[in-house]
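Listed below, chain by chain, are the residues.
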Amino acid sequence: MPELVEGQPVLSVIVPVFNVVDYLVECLDSIVAQPFEGVHVIIVDDGSTDGSAELAREYAEGRANFEFFEQPNSGVSIARNTALERVRTPYLTFVDPDDVLPPDAWSTMFSTLRASGSDFVVGAVERLEGDRRYQTPSMIRTQRLTGRRQTIESVPLMLTDVFVWNKIFVTDFWREAGIIFPPRTRYQDQVALTDAYLKASAFDVIDEIVYEWRHRPSENSATQTRKTLANLQERINTKRMTLELVEAYGNADVTRVLETEILPVDMWEYCEAAHDCSDEFWDLLVSAFREFWGGDRIAFTEAMIPPHERLMGWLASQDRRADLIALFEWLPTLTEAPIRDDLLIHPWFDEPGMPLFPEVRYPEPRRSVADRVRARLRRRG
């Protein structure tokens with residue numbers, strides 16, 4: 001357990017800033033409002049052009065526990081890595097400048113971590129979309145895995161929670177483990193946090209909401225640009241680095257969870273781009289499915305995701321772009337929401353070699369039903 005020195009800062013908060021002038025003050029105000037003693041806030045501006053740097057500098061002036069510096073635009077990974085070099089406290093955490101903290105984000109996390117002696121602690125997250133607050137299904141699943149001194153073998157599904165800002169880390173653990181954010185990628189958190197889970201002797205999970213993650217649909221964020229070639233390439237690189245880390249770790253159960261429950265979950269969003277993507281994008285998508293779920297690896301059809309998403313992946317892996325486009329045209333004709341497993345009677349389900357999913361109730365005879373489905377799809381076209 002790190003030693004605390006009376007009168008000295010305890011927790012460093014790293015805030016990387018880039019063109020968030022409309023959100024920055026609310027974010028920093030939520031940090032200042034925390035009822036937590038001994039906070040050192042490190043703000044690094046990554047070459048902002050919208051006035052964020054000037055605003056951050058003014059905010060930091062006159063606050064003894066704030067430190068501000070600038071760097072040429074290099075990406076959030078390098079901004080965080082550079083700020084980490086300035087950490088002198090026994091614990092550290094991160095806050096993104098367009099998000100906010102709930103009224104008491106750190107007290108329970110810190111007391112839990114001090115009591116357990118773990119390497120880091122994980123709290124729960126809410127999405128913030130206007131006045132709406134909600135949690136995604138994956139957030140809810142990991143929130144239920146509460147406990148002290150967990151290991152990745154005991155709760156491998158925690159690899160889903162690769163956000164950096166809903167955690168407090170022991171600084172010595174972070175440095176001794178050699179964790180860094182890989183540069184020049186939108187998805188740097190997944191690699192760094194996977195490395196942290198694998199190298200931790202233990203970590204804690206609590207179900208208290210400790211972070212509010214803002215949804216900005218109109219912004220050029222990673223989650224809003226997934227139909228670009230650059231985004232797909234970065235996502236593939238991130239999956240590749242993550243898989244390499246987990247395979248090197250050498251636990252078959254952890255690897256299987258990654259392959260079946262974590263790596264596949266966002267692939268449908270890239271499949272959705274099939275109707276208007278470039279040939280280069282399509283070829284890269286096909287190669288990605290074959291790389292991660294081909295050969296001797298677990299097939300994408302065995303992934304723990306809804307069957308219509310597994311079908312998308314299978315069609316992409318078979319280079320059947322026209323059929324994938326047709327599937328996206330077909331799915332809206334299913335009036336049930338969400339799509340029920342027993343309604344996934346698609347236009348090709350009678351083909352030899354077509355994967356059939358055990359949870360789907362397929363009618364007989366298959367060919368006559370498939371013919372009706374194809375006719376209905378032709379009428380829509």
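Source: prediction; values computed, not measured.

A word on the environment of Pro358. Within the element layout of this structure, Pro358 appears in the loop between helix H13 (321–330) and helix H14 (366–380). Residues Pro358 and Pro307, spaced 51 residues apart in sequence, show a C-alpha to C-alpha distance of 9.3 Å.

Moving on to the confidence of the model for the protein. Any residue range with low pLDDT should be treated as having predicted coordinates unsuitable for detailed reading. Per-residue confidence for the protein gives a mean pLDDT of 89; residues scoring 70 or more make up 89%. In this model residues 220–224 is a low-confidence stretch, pLDDT under 50, and it forms 9 contacts with partners more than four residues away in sequence or in other chains.

This brings us to the nonpolar core. Formed by 114 residues in total, the largest nonpolar core has its most connected members in Ile31, Phe94 and Trp106. Per-element accounting of this core gives the leading share, 9 residues, to helix H11 (residues 279–293). Counting only domains with at least three residues in this core, you end up with domain 1 (11–214) and domain 2 (225–379). Discounting chain neighbours no more than four positions away, the residues touching Ile31 are Val13, Val15, Val41, Val95, Leu101 and Trp106.

It is worth spelling out helix H12 (residues 307–317) at this point. It helps to recall that an α-helix has 3.6 residues per turn; residues three or four apart then point in one direction. In terms of burial, H12 is largely enclosed, as 11 of its 11 residues are buried. Among the residues making up H12, those that are buried are Pro307, His308, Glu309, Arg310, Leu311, Met312, Gly313, Trp314, Leu315, Ala316 and Ser317. Contacts made by the buried residues of H12 are with helix H10 (267–271), H11 and H13. Of the residues flanking the end of H12, it is Asp319, one or two places downstream, whose phi is positive at about 60°.

Rules and cut-offs
Per chain, residues are indexed from 1 in the order of the written sequence. The model is predicted, so local features are restricted to residues of pLDDT at least 70 and side-chain atom pairs to those at 80 or more, both for listing and for counting; the totals for chains, interfaces and linings are taken over all residues. Here the side-chain values reflect all heavy atoms present in the structure, with hydrogen atoms and water set aside. Here a strand is any run of E in DSSP of at least two residues, a helix any run of H or I of at least four, and the numbering for each starts at the N terminus. Summary of the metric used: pLDDT quantifies the predictor's per-residue confidence within the range 0 to 100. Any two residues having at least one pair of non-hydrogen atoms within 4.5 Å are treated as being in contact. In these notes, a set of buried Ala, Val, Leu, Ile, Met, Phe, Trp, Tyr and Cys residues joined through side-chain atoms within 4.5 Å is what counts as a nonpolar core. Partly exposed describes any residue whose relative accessible area lies between the buried limit of under 20% and the exposed limit of over 50%, with all areas from a 1.4 Å probe on protein chains only and scaled to the type maximum. Per the annotation, domain bounds derive from an automatic or database assignment of domains.

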